[in-house]
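# Commentary on secondary and tertiary structure
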Amino acid sequence: LGVPVGFTANAVASVSLEPHLILVCADRKSESLSVLLRTGSFAVSILRAEDAKIARRFSEEIRDQRFQELELVDMRVGPPTLKNALAWIDCRIWKKVEAGDHVVLIGEVVDCGVGPASHPLVFFEKKFGTVADLS
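The notes below deal with the structure included here. All figures in this text were calculated on a predicted structure; none of them were measured in a lab.

### Focus: the packing of aromatic side chains
Under the defined criterion, the tally for this structure stands at 2 aromatic pairs. With a centroid separation of 4.9 Å and an interplanar angle of 85°, the aromatic rings of Phe58 and Phe67 are classed as edge-to-face. Neither Phe58 nor Phe67 differs from the other in exposure class; each is buried.

Given below as structure tokens:
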């Protein structure tokens, strides 16, 4: 469909088990958001602890450099995910909720999977790290 879109979300969470729903918070000014709303889908790549540089790159304004030199995997309904992600989730947008300067996308999980075991990347107190770093 053209150039892939993506951003670093400030929040991703499980919402429901029946149906399987997750949420992703997207900055209202994100150029990627309009594409996701138009296609009616999104996908999430859960990054590994060592992927802080990728998370920073996807949070910056320079869209055309986000996917450079990254291997991608096509999804059934959403945009491609990162091949080396810790896990991935492919979603069809179920509901959109306006929330201040963000839009909460609630997605029905169409497919998901995990890669090789590793520690997930977390963002806490303005730093990237692992869950072990928080203790």
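### Structural notes on the nonpolar core
In globular proteins that are soluble, nonpolar side chains generally tend to be buried together. Ile22, Phe42, Val44 and Leu105 are the most contacted members of the largest nonpolar core, which totals 13 residues. Elements with a minimum of two residues in this core: strand 2 (20-27), helix 1 (31-39), strand 3 (41-46), strand 6 (87-99) and strand 7 (102-114). Setting aside residues no more than four positions away along its own chain, Phe42 makes contact with Ile22, Val24, Leu36, Gly78, Pro79, Ile89, Asp90, Cys91, Ile93, Leu105, Ile106 and Gly107. Formed by 9 residues, the second largest nonpolar core is a distinct cluster that contains Ala52, Ile54, Ala85 and Leu121.

### Description of the pattern of salt bridges
Evaluation of the coordinates by the stated rule reveals 3 salt bridges. Where Glu98 meets Arg28, a salt bridge forms, and the shortest distance between an N and an O atom there is 2.3 Å. Taken together, the residues span a long stretch of sequence, with Glu98 in strand 6 and Arg28 in the loop between strand 2 and helix 1 at a distance of 70 residues. Looking at Glu98, the relative accessible area reads 44%, which means it is partly exposed.

### As for unusual backbone geometry
Residue Pro19 is reached from Glu18 by a cis peptide bond, and omega for that bond is -5°. Position of Pro19 relative to the elements: it lies in the loop between strand 1 (12-17) and strand 2. One non-glycine residue, Lys126, lies in positive phi territory at about 65°. In this fold, Lys126 is placed in the loop between strand 8 (122-124) and strand 9 (127-129).

What counts and what doesn't
- Residues numbered from 1 in each chain as written.
- Predicted model: local features only at pLDDT ≥ 70, side-chain atom pairs only at ≥ 80, totals over all residues.
- Heavy atoms only, no water.
- Phe/Tyr/Trp six-rings, centres within 6.5 Å; stacked < 30°, edge-to-face > 60°.
- Buried < 20%, exposed > 50% of the residue type's maximum accessible area, 1.4 Å probe, protein only.
- Core = buried A, V, L, I, M, F, W, Y, C linked by side-chain atoms within 4.5 Å.
- Helix = DSSP H or I, 4+ residues; strand = E, 2+ residues; numbered from the N terminus.
- Contact = heavy atoms within 4.5 Å.
- Salt bridge = Lys/Arg side-chain N within 4 Å of Asp/Glu carboxyl O.

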